[in-house]
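Letter by letter, the chains look like this.
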Amino acid sequence: MKTATILLNTINDVKAFVNTVIKYEFDVDLISGRYAIDAKSIMGIFSLDLSKPIKLQAHSDNCDAFMADIKEFIVED
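Computed from a predicted model, the values in this text were never measured in an experiment.

Caption draft 1: The environment of Tyr35, seen in detail. Tracing the sequence through the fold places Tyr35 in strand E3 (residues 35-38). Distance in space between the C-alpha atoms of Tyr35 and Ser47 is 9.4 Å, their sequence separation being twelve residues. Here the side chain of Tyr35 touches Arg34 through a polar contact of 3.2 Å, side chain to side chain.

Below, the structure written as structure tokens:
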């Protein structure tokens, strides 16, 4: 499993992020506080507080290409 912290500032960011995540077979979760949602669910993402960074968990050991694809959304802790 690989983790990162992401920030989705705009509606277009959310759309671009989801379109990237759905290309991959493995599960990706977003965790904000006590909520964990499927990162492939645009409605789920909009239910989170997008004003704060969100923890991402990619459930794969081979997700380097995925992490490279979402690098524009990754923020440093």
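Caption draft 2: Summary view of the sheet that holds E3. If you walk across this open sheet you meet the five strands as E3-E2-E4-E1-E5, and the pairing is antiparallel. The strands lining the two open edges of the sheet, one partner per strand, are E3 and strand E5 (74-75). As judged from the five bridges shared by strand E1 (residues 2-6) and strand E4 (residues 54-58), these two strands associate in the antiparallel manner. Its bridge partner being in E4, Lys2 is matched across the sheet by Ala58.

The rules we used
- Residues numbered from 1 in each chain as written.
- Predicted model: local features only at pLDDT ≥ 70, side-chain atom pairs only at ≥ 80, totals over all residues.
- Heavy atoms only, no water.
- Helix = DSSP H or I, 4+ residues; strand = E, 2+ residues; numbered from the N terminus.
- Polar contact = N/O pair within 3.5 Å; in protein donor to acceptor, adjacent residues only side chain to side chain.
- Pairing = 2+ DSSP bridges.

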